[in-house]
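Understanding the architecture of this molecule
The primary structure of each chain is shown beneath.
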Amino acid sequence: MLYPITTQTRAVIDLGGIWRFKVDYDECGLNEKWFMGMLDTESVMCVPASYNDIAAMSDIRNHVGSVWYQRDVVVPQLLTGQRLVLRFGSVTHKAHVYWNGALIAEHSGGFTPFEVVLKPSDIAETNQLTVRVNNILDISTLPVGLYSESKDENGKIIRKNMPNFDFFNYAGIHRPVTLVSTPEYFIDDIILTNECSGTSAKVHYAVTISGKDGAVDADSGFSVAVDCIAEDGSLVTSANGFTGELHIENVKRWNPLKPYLYTIRVKLLKDGTLIDLYDEPYGIRTVAVKNGQFLINEKPFYFKGFGKHEDAFYTGRGFNAAQTLLDFNLMKWMGANSFRTSHYPYAEETMRLCDRLGIVVIDEVPAVGIHLNFMASLLTPAEKRDTFAEIQTKAAHETVIRELIERDKNHCCVVMWSIANEPETNDKGADAYFAPLIKRAKDLDPQKRPVTIVTLMSSLPETCRVSAMIDVLCLNRYYGWYLQSGDVKEGGKAAYTELQKWQEKFPDKPIMYTEFGADTVAGFHSLDPVMFTEEYQVAYLKANTEQFAAIKNFVGEHVWNFADFETSQNIIRVQGNKKGVFTRDRKPKMAAYFLKERWTAIPDLKEEESSQN
Ligand code: GCB
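Residues numbered from 1 in each chain as written. Predicted model: local features only at pLDDT ≥ 70, side-chain atom pairs only at ≥ 80, totals over all residues. Heavy atoms only, no water.

An unreviewed UniProt entry lists the protein chain under the name Beta-glucuronidase, with Treponema phagedenis given as the organism. Of the comments in the UniProt record for the protein chain, the one headed Sequence similarities (unreviewed entry) reads "Belongs to the glycosyl hydrolase 2 family." (UniProt positions renumbered as here; feature names shortened; annotations may be inferred.)

Right under this line is the structure:
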């Protein structure tokens, strides 16, 4: 699905701003047809944003179920005759979209875009756009939630939505809502891949053209012309045809923190007349896993960075351009080169920014919580559940993998897909559940990037059933925090022992830490570094990072987390998770300086050890 941009042939109208808003406390909105006519409310809400913290009241913040958004939309006359598409960057987690009272779209999955074409006959002078947003998560959704209903003494239904993951279940219209115009026949999709050989490169492209009756083929009288344009605006090379190749000499490669973006300009023509035009930014680089190394542009890459969250004061999980850019500037300040979109796909705007800034991304689907004993047993010890006998996430999982790869396939910043975070990989059923999903990701990705599953502390070389199937061993490990608590020295030793076993078992697979960290309350200090102090966080990071150099295939370190973030309430969280290297308002803890010193001394790409030998 192409990102909405304005070109000579396309217009984008932003529908963000202040919408009418109503909480559906009794889930009666559907029966009472709140989608017909003006929403009966005095409340309003910002779009895009999570509604939770903005509403200020705890019954809205913690509401389980549906809320309704509504606004009027006027379609400018100058767009008459154009194909009009209503597009949502994301609605978390389930959306029902009504246009002038009629249901026109439904979408499940809170982190990927969806769109619907508006029929010209449905467009009135002023139109009413109503969205019902539902935040319920259960064992068939991703992320996974532990949903339950009970009745109070008056027979009123009480809904409980316990997240089976460690972040606050923010909800709402989280990303831009736009009205996009295209011509009737239009560029529907562009697939880009490349091959590099020394200083030259070939970019292979495939363009899909569609009209009102679906895709049209090359015999339809339409033609496609493609230009490759350099950053200074000069034309590098051109090609013709629905599919083809662009040959580039003296290619400028996209490199970590040293980005270069070409523009691939696709033109749809009929009898020489321009019908549609779309510009796709494209960085040329290669990615491969070989001999235990992670190669970018044929050189060993070392991941330095974080697991992050889309999480901010006031706007919650809503797209926040200023904070996103600040985070990347802070990362660059400390020599970080990469992050993982833990634990869901991030905004398209963020991915475009990463292409532009040269930030390397491990792109994760929202498959978190596929472990029915994890949060539950941690908080309220219960009988062991059989995750793969009970979980019903297969269909959602197939969908999110397809939607993420369709959305992000052309991004040079994306070097690996993570198809789950910390599932129960030791239990029987894990291999049967994940093997087809790994295959699906590989089949769907035109660039054939590596695929991983990020594993939990208990997934050990002796027990983990998925490690043989994945390309990179991505480990979340908390030695010296959840294990060997308070003793970083013992923690460091335990980390080393486990890493050595992985190295022995899979001598050809790269290994990285995708999480390691310690909760740290900013401003807590002690001479003897005790847990929760800034000194302990530094000692913990030092003790763990000291082990890495001795592990031959160790290719990177992502600290958990970039910044403190909001979670639901429980006995192991203090107004959220405090493992941030920055506070939630982006003030550095001592660890930021420790990491800056360490990371600025480690090259992003090892020039000296090219894969040619
Ligand atoms: C993990 C999870 C992450 C948590 C983190 C923690 O392993 O992947 O979502 O926030 O641990 O801090 O416990």
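1. Digging into the overall build of the protein chain
Of regular secondary structure, the protein chain possesses 10 helices and 33 strands. With respect to the three principal axes, the spread of C-alpha positions in the protein chain is 75 × 70 × 45 Å. Relative to its full complement of 613 residues, the protein chain shows a buried share of 59%. For the protein chain, the share of sequence-separated contacts (at least 6 apart) that also reach a separation of at least 24 residues comes to 72%. When the accessible surface of the protein chain is split by element, carbon and sulfur atoms take 53% of a total near 24,500 Å². Once the 65 positive and 79 negative side-chain charges of the protein chain are each reduced to a mean point, those two points are 2 Å apart. (Helix = DSSP H or I, 4+ residues; strand = E, 2+ residues; numbered from the N terminus. Buried < 20%, exposed > 50% of the residue type's maximum accessible area, 1.4 Å probe, protein only. Contact = heavy atoms within 4.5 Å. Areas by Shrake-Rupley, 256 points an atom, 1.4 Å probe, with all protein chains shown as cover. Lys, Arg positive; Asp, Glu negative; His and termini not counted. Charge placed at Lys NZ, Arg CZ, Asp CG, Glu CD.)

2. A word on the sheet that holds strand S8 (residues 102-108)
Strand order across the open sheet formed by six strands is S3-S2-S4-S10-S7-S8, with antiparallel pairing between neighbours. Bordering the open sheet on either side are strand S3 (44-47) and S8, each of which pairs with just one other strand. Averaged over neighbouring strand pairs, the angle between their axes works out to 30 degrees when direction is ignored. As paired strands, strand S7 (residues 94-99) and strand S10 (residues 127-134) are joined by six bridges and run antiparallel to one another. Paired with valine 97 across the strands is valine 131, a residue of S10. (Pairing = 2+ DSSP bridges. Axes fitted to C-alpha atoms, helices over the stretch in contact; angles between N-to-C directions.)

3. Quick look at the nonpolar core
If you look at the biggest cluster of nonpolar residues, it comprises 104 residues, and the most contacted ones within it are Phe294 and Phe306. Residues lining this core come from more than one domain, with at least three contributed by each of domain 1 (11-182) and domain 3 (301-601). By size, the runner-up hydrophobic cluster in this structure holds 32 residues, among which are Phe21, Ile60, Val116 and Val177. (Core = buried A, V, L, I, M, F, W, Y, C linked by side-chain atoms within 4.5 Å. Domains from an automatic or database assignment.)

4. What about helix H6 (residues 394-408)?
Taking 1.5 Å per residue, 15 residues should reach 21 Å; H6 reaches 21 Å between its end C-alpha atoms and fits that length. Listed in full, the buried residues belonging to H6 are His397, Val400, Ile401, Glu403, Leu404, Ile405, Arg407 and Asp408. On its buried face, H6 sits against S8, helix H3 (348-357), strand S28 (360-364), strand S29 (414-421) and helix H7 (430-444). (Expected span 1.5 Å × (residues − 1).)

5. Considering the packing of aromatic side chains
Across all of its chains, the model carries 38 aromatic pairs by this definition. Seen from their ring centres, phenylalanine 21 and tyrosine 69 are 5.2 Å apart, and the 75 degrees between their planes marks the pair as edge-to-face. Of this pair, phenylalanine 21 sits in strand S2 (residues 17-23) while tyrosine 69 sits in strand S4 (residues 66-73), and the two are 48 residues apart along the sequence. What makes phenylalanine 21 buried here is its relative accessible area of 2%. Assessed through its relative accessible area of 0%, tyrosine 69 is described here as buried. Judged by centre distance (5.4 Å) and plane angle (35 degrees), the rings of tyrosine 344 and tyrosine 346 are tilted. Judged on exposure class, the residue tyrosine 344 and its partner tyrosine 346 are both buried. Through a chain of ring-to-ring contacts, the aromatic side chains of Phe111, Phe165, Phe167, Phe328, Phe339, Tyr344 and Tyr346 assemble into a single cluster. Over the face of the ring belonging to tryptophan 34 we find lysine 22, whose NZ or CZ atom lies 4.1 Å from the ring centre. (Phe/Tyr/Trp six-rings, centres within 6.5 Å; stacked < 30°, edge-to-face > 60°. Lys NZ or Arg CZ within 6 Å of the ring centre and 35° of its normal.)

6. Here's the deal with the packing of helix H2 (residues 321-333) against H3
The geometry of H2 relative to H3 is characterised by a closest axis approach of 11 Å and an angle of 30 degrees between their N-to-C directions. H2 and H3 meet at a crossing whose hand is right-handed. Across the interface between the two elements, Thr324, Leu325, Phe328 and Lys332 of H2 pack against Thr350, Leu353, Cys354 and Leu357 of H3. (Left-handed = near helix turned anticlockwise from the far one by under 90°.)

7. Digging into the site of the ligand
If you check the shell around the ligand, you find 13 residues, and the closest are Asp166, His343, Glu422, Tyr482 and Lys579. With respect to the ligand, the side chain of tyrosine 482 contributes an N or O atom lying 2.4 Å from an oxygen atom. Between the ligand and asparagine 577, the relevant distance is 2.8 Å, taken from an oxygen atom to a side-chain nitrogen or oxygen of the residue. In isolation the ligand has 320 Å² of accessible area, and contact with the protein removes 94% of it. Here the shell around the ligand is composed, by residue class, of four nonpolar, four polar and five charged. (Near = heavy atom within 4 Å. Polar contact = N/O pair within 3.5 Å; in protein donor to acceptor, adjacent residues only side chain to side chain. Nonpolar A, V, L, I, M, F, W, Y, C, P; charged D, E, K, R; others polar.)

8. Structural notes on the sheet that holds strand S24 (residues 293-296)
Pairing in this open sheet of three strands is antiparallel, and the strands run S23-S24-S25 from one edge to the other. A strand with exactly one partner marks an edge of an open sheet, and here the two such strands are strand S23 (287-290) and strand S25 (299-300). Where S23 lies against S24, four bridges are found, and the strand directions are antiparallel. Counted as the bridge partner of valine 289 is phenylalanine 294 from S24.

9. What to know about the domain arrangement of the protein chain
One widely used convention gives an interface's size as the accessible area the parts lose upon coming together. Taken domain by domain, the protein chain holds domain 1 (11-182), domain 2 (186-282) and domain 3 (301-601). Distance between the C-alpha centres of domain 2 and domain 3: 35 Å. With 14 residues of domain 2 at the interface, the matching set in domain 3 holds 18 residues. Counting the surface lost from both domain 2 and domain 3, the interface buries some 1,300 Å², and carbon and sulfur atoms represent 64% of this. Along the contact surface separating domain 2 from domain 3 lie one salt bridge. Where domain 2 packs against domain 3, one counts seven residue pairs in polar contact (both at pLDDT 80 or more). The leading source of residues in the side of domain 2 that touches domain 3 is strand S15 (residues 186-197), at five residues. Residues that form the side of domain 2 that touches domain 3 fall into these classes: 10 nonpolar, two polar and two charged. (Buried area = accessible area lost by both parts, 1.4 Å probe. Salt bridge = Lys/Arg side-chain N within 4 Å of Asp/Glu carboxyl O.)

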